[in-house]
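Per-entry structural report
Letter by letter, the chains look like this.
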Amino acid sequence: MANQLADYEVIGAVADDGVLPCSSARRPARLGGGGTVTVWVLGPLARAPLTSVRRRLEHVAAVRSPHLPDWLEAGAGEWAGRPVVFTSATTVVTGTLAGAQGMTMAAKLRALAAAARGAHALHEAGVLHGGICPQAICLTGPSDGQAVLAPPPLADGHQPLLQVGYPPLGFVDPHLLRGEAGRWSDIWALGATLQAATSGSPPFPDKDDVPVVQALAQLLAVPQPVPPEAPPLVAELARQCLATDPSSRPRTASEVADRLDQAAELG
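These notes cover the structure that comes with them. Since this is a predicted model, take the numbers as computed values, not measurements.

1. Points about the overall build of the protein chain
When helices and strands are counted, the protein chain shows 7 helices and 9 strands. Expressed as a percentage of its 267 residues, the buried residues of the protein chain come to 53%.

Here's what the structure looks like:
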């Protein structure tokens, strides 16, 4: 792991599974110095020049919500020997839902509810996230489900495949692959993340390990059913979020969050 990203001194990796590298770092002196911040590596600079993604980054940074990181800045630096675009926040992240060990079902549901509220805040500001997956659910508390939604991919929400690896193909709404996007695309991804978090397997597992043409053909098929051992409220919500017809999905991510909190309360 690199120990420097621009003028951020990287302390340690929070998540570095190749999907969305996230690290803790020391705040640079030019930003006041002292204290720990979180930095995310969003993608290679060569594929997404900072000027070309500036507007999207500015739109995201303008949205303030307790369920989104408290943004500091976006910039360019070198990571693992290559130029990249990164963003930083004062929010201290302790891990992600993808790597969470020992979390109760209720804590997972609360973390997903927080992320859904972050998505709703973006939607209300006219921003689609386009990258919701377990790696994008950033935990900010020890084990009680406190979380924020990670920064979205650099690629436009209508072009998720331009951003290599984030999100994994198995968490991309098939409609998005056809160029059809709306807040319902993120709601599908919330359903896929819910299924992965509660059953251990997303609707389309391991799609990043097969040829792209084959992966797309499978993604455009009907999603796998949610395992029957999932709690009834959770299983029903996941099924609705994953509905083939977007009009059959929950109308807003806020509604998804309310239902997740309800399920968490019931254990």
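2. Description of the pattern of salt bridges
As enumerated under the stated definition, the model contains 9 salt bridges in all. A salt bridge links Arg30 to Asp7; its shortest N-O distance comes to 2.5 Å. You can see Arg30 sitting in the loop between β3 (22–26) and β4 (36–44) and its partner Asp7 sitting in the loop between β1 (4–5) and β2 (8–15), a full 23 residues away along the chain. The partner of Glu124 in a salt bridge is Arg183, and the shortest N-O contact between them spans 3.0 Å.

3. Examining unusual backbone geometry
Not every positive phi belongs to a glycine, and Ala6 is a case in point at roughly 55°. One can find Ala6 in the loop between β1 and β2. Of note, the phi angle at Ala80 is positive, near 55°, even though the residue is not glycine. Note on placement: Ala80 falls in the loop between β5 (71–79) and β6 (82–89).

4. Quick notes on the layout of surface pockets
Within this model, the second largest pocket holds a volume of roughly 240 Å³. Along the wall of the second largest pocket there are 18 residues; nearest its centre are Leu57, Glu58, Ala61, Ala74 and Thr87. Within the residue set of the lining of the second largest pocket, elements represented by two or more residues are α1 (50–61) and β5. With 7 residues, the top contributor of residues to the lining of the second largest pocket is α1. Here the residues of the lining of the second largest pocket are counted per class, giving 12 nonpolar, 2 polar and 4 charged. Mapped onto the domain boundaries, the lining of the second largest pocket takes at least three residues apiece from domain 1 (4–89) and domain 2 (95–265).

Calculation criteria
Residues numbered from 1 in each chain as written. Predicted model: local features only at pLDDT ≥ 70, side-chain atom pairs only at ≥ 80, totals over all residues. Heavy atoms only, no water. Helix = DSSP H or I, 4+ residues; strand = E, 2+ residues; numbered from the N terminus. Buried < 20%, exposed > 50% of the residue type's maximum accessible area, 1.4 Å probe, protein only. Salt bridge = Lys/Arg side-chain N within 4 Å of Asp/Glu carboxyl O. 1 Å grid on protein atoms, 1.4 Å probe; cavity = no way out; pocket = protein on both sides within 12 Å on 5 of 7 lines; lining within 4 Å. Points joined across faces, edges and corners; volume = space filled by probe spheres on them. Nonpolar A, V, L, I, M, F, W, Y, C, P; charged D, E, K, R; others polar. Domains from an automatic or database assignment.

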